[in-house]
Amino acid sequence: MRRFFLRLVNLFRGSQAERELAREIEAHLALLQEDFERGGMPPEEARLAAKRAYGGVEQTKEVHRDARSFVWIEQFFKDVRYGWVNLRRNPGFTLTAVIALALGIGVNATIFGIYNAVALKPLPIADPDNVVRIERWFASNSRGNNQYEFAYAEYQYLRDHSTALSGVMATRPQVQVLASMGEAETPEHLSGYAVSANYFSDLGVKPRLGRTFLSDEDRALGANPVVVLSHNFWERKFQGDSKSIGQSIKLNGLAYTIVGVAPQEFTGTDVFPLETDFWAPFSMIDQLDPTFGPASNPAWREQWRDSSSHPGIQLLARIKTGIPRAQAQAETDLLMRQRLSGYRESDRTTAVTLQKTAYFFYADDIRFHAAAAAVLMIVSLVLLVACANVANMLLARGVARQREIGVRMALGASRGRIIRQLLAESVLLSLLGGAAGVLLSAWAERFLWVSLSGVFQGLHFNLVEPDLNPDVHVFLYGLGLCLFTGLLFGLAPALQCTRVDLNAAIKEEGWTFGVRLGRSRLRGLLLGTQVTVSVLLLVFCIALTSSFVSSRAADPGFETRDTFLLMTGPSPKELQLRERLETLPELSGAAIGSLPLNGTSTAPMAAGKLNLRTEATLASDGYFETLGIRLLRGRGFTRQEADLKAPVAVISESTARHVWPGENPLGKHISLDLKFQNKFTDFEIVGVTSDARFADITEIDALHVYLPSAEIPKSGGLVVRVRADRGTALAAVRSVVQSVDPSLLPGLDMVSLEGFVAVQRGYFRVETAFAGALSLLALTLAGVGIYGVTAFLVSQRTREIGIRVALGATSRRVVRSVLIEGSRPVLIGMAIGFATAAGLNVVESASDPFPDPVVRSVFGDPSIYGGLTLMLAIAVIASIVPASRALRVDPMVALRYE
Amino acid sequence: MSSDDRMAVLQGTLDLIVLRTLENLGRQHAYAIATRLQQVSGDLLHLNQGTLYPALVRLEQQGRIKGTWGKTESNREAKFYSITKAGGKALAAETLRWRRMSGLVDKLLSEGA
């Protein structure tokens, strides 16, 4: 222990210990010499004899240092200092390498930063590790939001029986309300959440102002009209005035007292994080959400607290301290099974699990992690190019440093020692690059997020901005990445540079032909890797974006500008509403049906001799006219068919072509398994429509069936075609809704199909920009790498070229050989990249039942050949410029070069 | 003498030898210790005089010996080492251990013969 301490101390008083050691050795040598002199030797001879008897002075010192202190730490500091001096001595090299690494690490850290903010960061609540989201799993394996929906009765049961959970919190998905502050003001739409009274207290969220809910404020139905405001809304509406506590705000006509303001960082716990304005006790749900509960059951309002059907309540729970999550989960699962054992569920719950809470509800889903990993891998390719680049630069520099390294080795430095020193230098380099990269990523993350969330604003969705500030995860990730890349690009050059013939190195003859051969092979490999990876990235990015680029101006197949979705909650009076809407002069059409670009379901279909999966969407009479989808053959649905949910179908043109090529499909039959229960229902085809881009704006639906069937999962509702402008039409629609079903008013809104198209296009635009930036980055890095290395290699051959010219080679021959050698790694890299991309494409299209012609057209895309030509051109220029310079040099000068 | 007959110093025994020498001779500088070692071993030990230093540092850091600067008889400056109390104890313990060890090895070797 004492020794450990002394060694540690010696780390910091190295120079003093060093002086003392030198003094002691000198004394020792003097004594030895004296002895020899006494034996009769002449002084000079005695001195030498003493040295011989003593052994290597420097070796002794080294061993001494080893015993004296933690020599590796001392050396490490020395290495870092030395590396720093070296980097500063070559600012050009350092800057280039740091920029390359900053870009590579920056892109990587950007993606990781967003992943971290969305999936890894804990919610801003007390002790977030113990707060979980309760998730259910169904026999049908159905996945999505419905996994987070529970009945109020289930909530009560869990709350009252659990021993492992210290609190169970219930929230409803966001509700829209009409709010007004004073009499004069026009009402505005606000969104908020109904939550159980223990919501804030059990999450451990302290109010910024006022109080949160009292523990019994959610008991009596409709009795406690109080709200806690979100910080954002409070700032916007009340300018952060503390006197707002105690004031009242009218929501859907009922006055609520403002009791508190939530802290700024707390933005809610919804599975889909939307901006919110307020929270209210769960007992106010009837008043807040008039459409609450199933529209078909008017008795619902009296029963919902005891009902076991799912009104969609999300549950969070806090696990008691000291109880492991697995144990709490086992108990919760058991309780839910007990609760459900007597009930008949339409889709049986097979398990209940407790999930980690994070910004995004899929944070625990393996598919989400897989997607994140895939994107990380793609951006890592850019980093790989950057690493290959820097490694090549280090190799080139290693050649220039051959003499320095040779001298150090001759003076007794071991190879391991020098490798360590070189590695310290490259890690230092990667840390510099990493620091710049992480700074860069902080900016890029925000930029990427703003562009992505901006996309959704077209749909009147306001996503909560996640906390993108780098935290300890990002820091550790960046550090790990730096160390890894530092070793990755540093190791090969360090090994190469230290494999020197001492004699040759000191005499500056490191550049013998044999040695160079081995080295340029490694260089060629690195160069080829860069080119391969760049080609792969280019192909990938083009594949990702070309479908979008080519469909940018394409007709979606339906009318977007004047067609609107009427956003209402579910209403039992939908048909009545539609009838009244048809009479409005402001509208030219009204129908009930699915909405394009809004999620579709793909059902198994048996048609002709084929078994396929097809898109199946809902359509009523008047639907095709309202959406502007043209009928090519046959007819649309009649009112009677729509009302009776008749077994008739209209198919798209491409479906007809695919299933009955060259035949008339009218009158033929298809059968569909719409509920995925292996029960097929028969439909008769009555019409054929023009093709549309219903599922995805970038491609025409391969198979699409329109049905009036009730069995289709609903993704739409009332669709109207507007004759006048939106404002006038909305006012007219509002008056109709007012008279038919006023409970729909709070959420009433009209969103044009253009909005949905814009969202999809916007999303693809961001994706395209991102992919474009990535490939541009890879191309630039590869270009710099190709030029730097090729030019360096050729210039190193100045002497050889001189000899060749002196021996009578023509300049044409010389240039040709230089060109061939310079472009060989580039060409090989391209070939490998191309082959890999083609191979991946084959695998991809083999696994796809409808091979997308767009992917195949990647290889017909001009930009990929542009990229390839560019890389080749760079290699050619990089070979020719230094070669012609070498040719102009007088052979005699060239021979003395270096 | 062929180099095969010379013995490399067994790991860890150097500390023991140095301590013993200092106990016998009292305060000594490194050169004297080295000379003494050579005399005793009769050149049997293959030892550069410099090899002594790591052992000296180690022992000093462990508090078993203490070094002070002083003058030799020939009025030269040198660092003199002397054994400390802790060093004496360590020497006794190490000696015992060494005896046991060598006794054991001896026994094993003679058994085989």
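Quantities reported herein were computed from a predicted structural model and do not represent experimental measurements.

A.B. asks: Hey, could you run me through the overall build of chain A in this one?
C.D. replies: Across its full length, chain A carries 29 helices and 22 strands. Split into buried and exposed, the 898 residues of chain A put 51% on the buried side. Once local pairs closer than 6 in sequence are excluded, the contacts in chain A between residues at least 24 apart make up 80%. Entry remark: accessible area of chain A is about 41000 Å², with carbon and sulfur atoms responsible for 59%.

A.B. asks: Looking at this structure, I do not really get the overall build of chain B. What am I missing?
C.D. replies: In terms of regular secondary structure, chain B is built from four helices and three strands. Secondary structure elements of chain B occur, N-terminal to C-terminal, as α-β-α-α-β-β-α. In chain B, which comprises 113 residues, the proportion classed as buried is 36%. Of all intrachain contacts in chain B linking residues separated by at least 6 positions in sequence, the fraction that spans at least 24 positions is 52%. If you sum the accessible surface of chain B, you get close to 7000 Å²; carbon and sulfur atoms cover 52% of it.

A.B. asks: What am I meant to see in the packing of aromatic side chains here?
C.D. replies: Two measures describe an aromatic ring pair: the distance that separates the ring centres and the angle between the ring planes. Residue and element names in this part refer to chain A. All told, the structure shown has 18 aromatic pairs over all chains when counted by the stated rule. Judged by centre distance (3.8 Å) and plane angle (5°), the rings of Phe 112 and Tyr 477 are stacked. Here the residue Phe 112 occupies a position in helix α6 (residues 91-120), and Tyr 477 occupies one in helix α16 (residues 472-497), the gap between them amounting to 365 residues. Assessed through its relative accessible area of 8%, Phe 112 is described here as buried. On the numbers, 5.7 Å between centres and 10° between planes, the contact of Trp 443 with Phe 447 is stacked. Of the two residues, Trp 443 and Phe 447 both sit in helix α15 (residues 415-457), four residues apart, roughly one turn of that helix.

A.B. asks: What is the right way to read the pairing of strand β14 (residues 601-607) of chain A from this model?
C.D. replies: Looking down a regular strand, the side chains alternate between one sheet face and the other. All names here are of chain A. Looking at chain direction, β14 and strand β15 (residues 610-618) are connected through seven bridges and run antiparallel. Of the residues in β15, the one forming a bridge with Ala 603 is Thr 614. Between β14 and β15, which follow one another and run antiparallel, lie two residues, and Gly 608 among them has a positive phi close to 55°. The pairing of β14 with strand β18 (residues 669-672) spans three bridges and is classified as antiparallel. Its bridge partner lying in β18, Ala 606 is registered against Ser 671.

A.B. asks: I would appreciate a short explanation of the nonpolar core in the present structure.
C.D. replies: General note: in soluble globular proteins, nonpolar side chains tend to be found buried as a group. Residue and element names in this part refer to chain A. Counting 60 residues, the largest nonpolar core has Val 390, Leu 429, Phe 489 and Met 871 as its most contacted members. Looking at this core, the elements that each hand over two or more residues are α6, α13 (366-400), α15, α16, α18 (513-551), α24 (753-796), α26 (811-846) and α28 (862-888). With 15 residues, the top contributor of residues to this core is α13. Not counting residues up to four positions away in its chain, the partners in contact with Phe 489 are Leu 101, Cys 387, Val 390, Ala 391, Leu 394, Ser 426, Leu 429 and Ser 430. In this structure, Leu 165, Leu 190, Phe 278 and Met 284 belong to the second largest nonpolar core, which totals 45 residues.

A.B. asks: Looking at this structure, I do not really get the pairing of strand β20 (residues 704-707) of chain A. What am I missing?
C.D. replies: Residue and element names in this part refer to chain A. Because side chains alternate across β20, one face comprises the buried residues His 704 and Tyr 706, and the other comprises Val 705 and Leu 707, equally buried. In this structure, β15 lies alongside β20, joined through four bridges in parallel fashion. Within the sheet, the bridge partner assigned to Glu 615 lies in β20 and is His 704. Alignment of strand β17 (residues 648-652) against β20, held across two bridges, turns out to be antiparallel. Bridge assignment links Ile 651 to a residue of β20, and that residue is Val 705.

A.B. asks: For this particular structure, what's the right way to read the environment of Ala 724 of chain A?
C.D. replies: Its place among the elements puts Ala 724 of chain A in the loop between β21 (716-722) and α23 (726-740). Considering only alpha carbons, one finds Ala 724 of chain A and Ser 588 of chain A, 136 residues apart in sequence, at a separation of 9.1 Å.

A.B. asks: When you look at the sheet that holds strand β1 (residues 28-29) of chain B in this model, what are you seeing that I'm missing?
C.D. replies: Residue and element names in this part refer to chain B. Pairing is antiparallel in the open sheet, where three strands are placed in the order β1-β3-β2. Both edges of this open sheet fall to β1 and β2 (65-71), since each of them pairs with a single strand only. Pairing geometry for β2 and strand β3 (residues 77-83), over seven bridges, is antiparallel. By the bridge assignment, Gly 67 is partnered in β3 with Tyr 81. Relative to β3, helix α1 (residues 13-25) is tilted by about 95°, and along the sheet it contacts β1, β2 and β3. Against the sheet, helix α3 (residues 52-61) makes contact with β2 and β3, and its axis sits at roughly 115° relative to β2, the strand it touches most.

A.B. asks: Can you help me understand the side chain of Ser 191 of chain A in this one?
C.D. replies: You can see Ser 191 of chain A is positioned in strand β4 (residues 188-195). Sequence-distant contacts of Ser 191 of chain A, defined by excluding residues within four places in its chain, comprise Gln 174, Val 175, Gln 176, Glu 275, Thr 276, Asp 277 and Phe 278 of chain A.

A.B. asks: How should the pattern of salt bridges be read in this particular structure?
C.D. replies: Oppositely charged side chains can form a pair if their charged atoms are brought close together. The tally for this structure, following the rule as stated, stands at 23 salt bridges over all chains. A salt bridge links Glu 582 of chain A to Arg 639 of chain A; the nearest nitrogen and oxygen atoms lie 2.7 Å apart. Placement of Glu 582 of chain A in helix α19 (residues 574-582) and of Arg 639 of chain A in helix α21 (residues 639-644) is noted, with a sequence separation of 57 residues between them. With relative accessibility at 29%, the residue Arg 639 of chain A sits in the partly exposed group. A salt bridge links Glu 60 of chain B to Lys 79 of chain B; its shortest N-O distance comes to 3.7 Å. Of this pair, Glu 60 of chain B sits in helix α3 while Lys 79 of chain B sits in strand β3; the two residues are 19 residues apart in sequence, bridging distant segments of the chain. One salt-bridge network, in which partners are shared between bridges, spans Glu 188, Arg 236, Lys 237 and Asp 277 of chain A.

A.B. asks: Where do I start with the confidence of the model for chain B in this structure?
C.D. replies: All names here are of chain B. Looking at chain B, the pLDDT average stands at 77 and 80% of residues meet or exceed 70. Per-element confidence in chain B is highest for helix α4 (residues 85-112), whose mean pLDDT is 86, and lowest for helix α2 (residues 30-41), whose mean pLDDT is 79. A low-confidence stretch, residues 1-8 (pLDDT under 50), is modelled with nine contacts involving residues beyond four sequence positions or located in other chains. Scoring of the predicted complex yields 0.69 for pTM and 0.71 for ipTM.

A.B. asks: When you look at the state of the cysteines in this model, what are you seeing that I'm missing?
C.D. replies: A covalent bond between the sulfur atoms of two cysteines is what we call a disulfide. Residue and element names in this part refer to chain A. Applying the stated criterion to the full structure yields zero disulfides over all chains. Its sulfur unpaired, Cys 387 is 10.0 Å from the next cysteine sulfur, which belongs to Cys 482. With a relative accessible area of 4%, Cys 482 lands in the buried category.

A.B. asks: I keep staring at the environment of Leu 463 of chain A and nothing clicks. Help me out?
C.D. replies: In this fold, Leu 463 of chain A is placed in the loop between α15 and α16. Between the C-alpha atoms of Leu 463 of chain A and Thr 276 of chain A, which are 187 residues apart in sequence, the distance is 9.3 Å.

A.B. asks: Explain empty space enclosed by the protein here, please?
C.D. replies: Empty space among the atoms can be located by rolling a probe the size of a water molecule over them. Residues and elements named next belong to chain A. Scanning the entire structure with this criterion turns up three cavities of 30 Å³ or more. Its boundaries defined by the atoms lining it, the largest cavity holds a volume of some 130 Å³. Residue lining of the largest cavity: 15 residues in total, with Leu 394, Arg 397, Arg 401, Leu 422 and Glu 425 positioned closest to the centre. Residue assignment for the lining of the largest cavity shows that the elements contributing at least two residues are α13, α15 and α16.

About the cut-offs
Residues numbered from 1 in each chain as written. Chains lettered and ligands numbered in written order. Predicted model: local features only at pLDDT ≥ 70, side-chain atom pairs only at ≥ 80, totals over all residues. Heavy atoms only, no water. Helix = DSSP H or I, 4+ residues; strand = E, 2+ residues; numbered from the N terminus. Buried < 20%, exposed > 50% of the residue type's maximum accessible area, 1.4 Å probe, protein only. Contact = heavy atoms within 4.5 Å. Areas by Shrake-Rupley, 256 points an atom, 1.4 Å probe, with all protein chains shown as cover. Phe/Tyr/Trp six-rings, centres within 6.5 Å; stacked < 30°, edge-to-face > 60°. Pairing = 2+ DSSP bridges. Core = buried A, V, L, I, M, F, W, Y, C linked by side-chain atoms within 4.5 Å. Axes fitted to C-alpha atoms, helices over the stretch in contact; angles between N-to-C directions. Salt bridge = Lys/Arg side-chain N within 4 Å of Asp/Glu carboxyl O. pLDDT = per-residue confidence, 0-100. Disulfide = S-S within 2.5 Å. 1 Å grid on protein atoms, 1.4 Å probe; cavity = no way out; pocket = protein on both sides within 12 Å on 5 of 7 lines; lining within 4 Å. Points joined across faces, edges and corners; volume = space filled by probe spheres on them.

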